[in-house]
Amino acid sequence: MARFKKSLEQTKMRTNNYKYSIEYRPICYGINDTVEAFANVLQLAKNYGLAVGYSGLQGKPESAKIWKEQGIDLKPYPGYTFGHKKIIADYIVELFEGMARQYGVPVFRKTSCLFSYVHGLGRDYNAHYYRPSELGCENCVMKTECHSYKEHLSANPDLSDVIPFDYQIVEKENHVCVLMKNGWKIKL
């Protein structure tokens, strides 16, 4: 935490046009998921006027195997399993986001959402707003901007000013993502 505070202090003294934010990830079960840990990060974010990106721990099978071999005792949240998603328990998300609202700090589950906000892009450049229930768009400070862009895109699907190559937008019925096809399960 001391190194983190020192780094933030250095950003305050710089005279460049860089945009700063905090990446609070991974949030790990029993390690940095306490009210005290959240309060420390959110208070610093508030003090420096920074937004925060956060996620849980991605525990792909090969990573979990290495942790076990090296005696690193990382565990998924009870009722969850490690996999290809950066898991974090729903009650931890609710706690963190609730505290962020109390501190007046904007928080984002995806780095692209965070960067889009920090750089004033007006929408998530990675289009996570197509999965609003999975990514907490309902509570996001960019909800209106992203939704407006999505609606505009649906009405005017010309992205030639954004995508520099030929493309097609295809709407699929009953689409299943590749992770689900490969047997990965998400707890909703």
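One can find the structure itself at the top, above this paragraph.
The model shown is predicted, which means the values in this text are computed figures rather than measured ones.

(A) Main features of unusual backbone geometry. Look at the link from Arg25 to Pro26: it is a cis peptide, with omega at -5°. Its location among the elements puts Pro26 in the loop between strand E1 (22–24) and helix H2 (35–48). Positive phi is not limited to glycine here, since Ala127 has a value of about 60°. Within the secondary structure, Ala127 sits in the loop between helix H5 (111–118) and helix H6 (132–135). In this structure Ala127 comes out as partly exposed when scored by relative accessible area, which is 26%.

(B) How the structure looks around the environment of Val107. Positionally, Val107 belongs in strand E3 (residues 107–108). Given a relative accessible area of 15%, Val107 falls into the buried group. As for Val107 and Val141, which are separated by 34 residues in sequence, their C-alpha atoms are 8.3 Å apart. Not counting chain neighbours up to four residues away, the residues in contact with Val107 comprise Leu42, Val52, Tyr54, Phe96, Glu97 and Ala100.

(C) Representation of the packing of aromatic side chains within the structure. In total, this model carries ten aromatic pairs according to the counting rule given. Ring centres 5.1 Å apart and planes at 40° place the aromatic pair Phe108 and Tyr117 in the tilted group. Judged by its relative accessible area of 2%, Phe108 is buried. Given a relative accessible area of 35%, Tyr117 falls into the partly exposed group. Of the aromatic side chains, those joined through ring pairs into one cluster are Tyr24, Phe38, Tyr54 and Phe96. In this structure, Arg123 packs its charged tip against the face of Tyr149, placed 4.0 Å from the ring centre.

(D) Highlighting the sheet that holds E1. In space, the three strands of this open sheet follow the order E1-E2-E3, with parallel pairing throughout. Unpaired on one side and paired on the other, E1 and E3 mark the two borders of the sheet. As defined by bridge partners, E1 adjoins strand E2 (residues 52–54) across three bridges and the pair is classed as parallel. The partner of Ile22 across the bridge, within E2, is Val52. On the sheet, helix H4 (residues 90–103) packs against E1, E2 and E3 and is oriented at approximately 180° with respect to E2.

Criteria and thresholds
- Position numbers for residues start from 1 in each chain and track the written sequence from start to end.
- Selection of residues for local features in this predicted model requires a pLDDT of at least 70, selection of side-chain atom pairs for listing and counting requires 80 or more, and totals for whole chains, interfaces and linings are taken over all residues.
- Heavy atoms throughout the structure, all of them, feed into the side-chain values; hydrogens and water do not.
- Every helix listed is a DSSP run of H or I at least four residues long, and every strand listed is a run of E at least two residues long, numbered separately from the N terminus.
- Exposure categories follow from relative accessible area, calculated using a 1.4 Å probe and restricted to protein chains: below 20% of the type maximum is buried, above 50% is exposed, and the middle band is partly exposed.
- By definition in these notes, contact holds between two residues if any of their heavy atoms fall within 4.5 Å.
- Stacked, tilted and edge-to-face are the three classes assigned to paired rings of Phe, Tyr and Trp, where Trp is represented by its six-membered ring and a pair needs centres within 6.5 Å; plane angles under 30 degrees give stacked, over 60 edge-to-face, the rest tilted.
- Ring-over charges, as used throughout, are those where CZ of Arg or NZ of Lys falls within 6 Å of the ring centre and within 35 degrees of the ring normal.
- We treat two strands as partners when DSSP finds at least two bridges between them.
- Axis definition: a line fitted to C-alpha atoms, limited for helices to the stretch in contact. Angles are taken between N-to-C directions and run from 0 to 180 degrees.

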